[in-house]
Amino acid sequence: MAIRTLSAAVAIGASLLATSLLTVPPEALAAPRLDVTALSRGLEIPWGVAVAPDGTALVTQRAGPFVAVHANGRTQVMRADLSKLFAVKEAGLMGVTLDTGFADNRRAYTCQAEYTRPGAPTIPMGSSDLPVPWPNTGQEIKIVAWKVADDWTGLTRERTVLSGIPTNASGRHAGCGIAAWGSTLWISTGDNVSPGGAQNPATFEGKVLHINLDGTPAAGNPNPASPVYTMGHRNPQDVAVRPETGQVYVIEHGTDKDDELNLLRAGGNYGYSPNRAPLIYDESVPMTDPDRVPGAIFPVWRTGNSTLATAALAFLPRSGWGRFSGGLVVSTLKGKRLVFMRLSPDGRRVVETAEALKDSEGRLRGLAVTPDGALLVTTSNGEHADKVLRVRWAG
């Protein structure tokens, strides 16, 4: 009995310690000076961006098409068969990454939502935020491999790498980020506004998946027969690997508070479980809920009592970015700013932050680093007025 009591006390103490660490905010520095250039204009809700070795950026737009933005700013629309694309609310042509052997094989991978039944009904935008689990009427998210033309004029669809990622007729919480690392793909998925989806290990919603390039589960997954690496996520729209350590992070949209940056651990549960109230999608629950999800893992950073709508993250080069060299940057939609972060050496805490571009360019989403160390940032304001910005550190 004494041993069980001691174990319980230790577990409670560890949970309180994790919570208390999160109440100590990282040091906030003054806004850094940045040099910002509009590299491309006239886009419509660009979502993901991936940069090739020659400096050309492959950019997805939520409703298509792909565009190639060259290092000199020349922008070309690319031909690609997107005839089945399901582009509603958050669903559409989303994350993009380049194969690590892109220079030789010209292969890119996307997260994209597609109709499985032509003409399937959708939920009107005015209703899609209601707290109900909307049905699937004939939609699905897939990971697709593409071959990029040598002259950047188009992409040829090669194959579906992975299918069966759920989405619903409203397109809400379809968020899908993707990152190539070695011979594997990391994929973050939204919870599909499903009350029990994030906590169901048998589904691909509210998860981070880790697969080989042929779609099979990657080595190191907790269940060798499943792509699922972690669970208990709400709407993580991007995933990135810390180059120096191989640690994997996701950036996650909160409810009405607590956007999160999470460091992944194989088999980890990040504690989102919106099934407390019957029959509805209950977003009054905590983002990380150790009471209802024992062992839930706390984030390394969170926004607190409000949200910024954190959309993407990218790791910065080890030089050229001042105190944040080797750190990371997060884009925000509602917050209309970039948040620079410096991690502790073990990657488990954010020790410094600084904000930049606040309100100057509107909503910000896609992020990627160019071969010469600049940061590409896409805006997400709509009205065919979106840009790809090239950002450099100026001190």
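In case you missed it, the structure is sitting above this.
All of the points below concern the structure found in this document. Quick caveat, the model's predicted, so the values are computed rather than measured.

Conventions used here
Residues numbered from 1 in each chain as written. Predicted model: local features only at pLDDT ≥ 70, side-chain atom pairs only at ≥ 80, totals over all residues. Heavy atoms only, no water. Salt bridge = Lys/Arg side-chain N within 4 Å of Asp/Glu carboxyl O. Helix = DSSP H or I, 4+ residues; strand = E, 2+ residues; numbered from the N terminus. Buried < 20%, exposed > 50% of the residue type's maximum accessible area, 1.4 Å probe, protein only. Core = buried A, V, L, I, M, F, W, Y, C linked by side-chain atoms within 4.5 Å. Contact = heavy atoms within 4.5 Å. Phe/Tyr/Trp six-rings, centres within 6.5 Å; stacked < 30°, edge-to-face > 60°. Lys NZ or Arg CZ within 6 Å of the ring centre and 35° of its normal. Polar contact = N/O pair within 3.5 Å; in protein donor to acceptor, adjacent residues only side chain to side chain. Pairing = 2+ DSSP bridges. Axes fitted to C-alpha atoms, helices over the stretch in contact; angles between N-to-C directions.

Another point: the pattern of salt bridges. One pass over the structure, following the stated rule, counts 17 salt bridges. Aspartate 150 is the partner of arginine 106 in a salt bridge, and the nearest nitrogen-oxygen pair spans 3.6 Å. In this pair, arginine 106 is assigned in the loop between α2 (102-105) and β8 (107-115) and aspartate 150 in the loop between β9 (139-148) and β10 (155-165), connecting sequence segments 44 residues apart. You can call arginine 106 buried: its relative accessible area is 13%. The residue aspartate 289 makes a salt bridge to arginine 292 at a minimum N-O spacing of 3.3 Å. On the accessibility criterion, arginine 292 (32% relative accessible area) is partly exposed.

Ranked by size, the top nonpolar core spans 25 residues in total, and within it Ile143, Leu162, Leu185 and Ile187 carry the most contacts. Mapped by element, the contributors of at least two residues to this core are β8, β9, β10, β11 (176-181), β12 (184-189) and β13 (208-212). Filtering out sequence-adjacent residues up to four positions away, isoleucine 187 remains in contact with Cys111, Ile143, Leu162, Cys176, Gly177, Ile178, Lys207, Val208, Leu209, Ile211 and Val239.

Here the structure, examined in full by the defined rule, presents eleven aromatic pairs. Look at phenylalanine 66 and tryptophan 146: their rings are 5.3 Å apart centre to centre, the planes differ by 70°, and that puts the pair in the edge-to-face class. With phenylalanine 66 in the loop between β4 (57-61) and β5 (67-69) and tryptophan 146 in strand β9, this residue pair connects regions lying 80 residues apart in the sequence. Just as phenylalanine 66 is buried, tryptophan 146 falls in that class too. Every member of this aromatic cluster is reached through a ring pair, and the members are Trp321, Phe324, Phe340 and Trp393. A cation sits over an aromatic face here: arginine 106 above tryptophan 152, 4.8 Å from the ring centre. The ring centre of tryptophan 47 lies 3.5 Å from the NZ or CZ of arginine 365, which sits over that ring.

A word on the environment of aspartate 256. Its location among the elements puts aspartate 256 in the loop between β16 (248-252) and β17 (260-263). Take aspartate 256: its relative accessible area is 58%, and that puts it in the exposed class. Considered as a pair, aspartate 256 and threonine 110 are 146 residues apart in the sequence and their alpha carbons are 29 Å apart. Of the polar contacts made by the side chain of aspartate 256, one reaches the side chain of threonine 255; its length is 3.5 Å.

Sheet architecture is open: five strands sit in the order β1-β22-β21-β20-β19, paired in mixed fashion. Sheet topology places β1 (27-29) and β19 (310-315) at the edges, where each strand pairs with a single neighbour. Strand after strand, the sheet turns through a mean of 25° between neighbouring axes, direction not considered. Where strand β21 (residues 338-343) and strand β22 (residues 350-356) come together, six bridges link them in antiparallel fashion. Its bridge partner lying in β22, arginine 342 is registered against glutamate 352.

If you walk across this open sheet you meet the four strands as β3-β4-β5-β6, and the pairing is antiparallel. For this open sheet the edge positions go to β3 (46-51) and β6 (75-77), each flanked by a neighbour on one side alone. On average, each strand axis in the sheet is tilted by 20° relative to the strand beside it, whichever way the strands run. Relative to β6, β5 runs antiparallel, the two sharing three bridges. Pairing of valine 67 across the sheet is with valine 77, part of β6.

In terms of burial, strand β24 (residues 375-379) is largely enclosed, as five of its five residues are buried. What you see with β24 is no split at all: Leu375, Val377 and Thr379 on one side and Leu376 and Thr378 on the other are buried throughout. Pairing between strand β23 (residues 364-369) and β24: four bridges, direction antiparallel. Opposite leucine 367, over in β24, you have valine 377 as the bridge partner. In sequence, β23 turns back onto β24 through a hairpin of five residues, with glycine 373 there showing a positive phi of about 90°. The hairpin formed by β24 and strand β25 (residues 386-393) contains six residues between the paired strands, and glycine 382 there has a positive phi angle of roughly 75°.

Note that glutamine 237 resides in strand β15 (residues 236-241). A relative accessible area of 4% places glutamine 237 in the buried class. In this structure the side chain of glutamine 237 is engaged in a polar contact, spanning 2.8 Å, whose partner is the side chain of arginine 365. If we ignore the near neighbours within four places in the chain, the residues touching glutamine 237 are Trp47, Glu90, Gly175, Cys176, Gly177, Ser188, Ile251, His253, Ala311 and Arg365.

This paragraph deals with the side chain of glutamine 112. When you line up the elements, glutamine 112 lands in strand β8. Note on glutamine 112: relative accessible area 1%, which makes it buried. At 2.8 Å, the side chain of glutamine 112 forms a polar contact with the side chain of glutamate 114.

Purely geometric numbers; function is a separate question.
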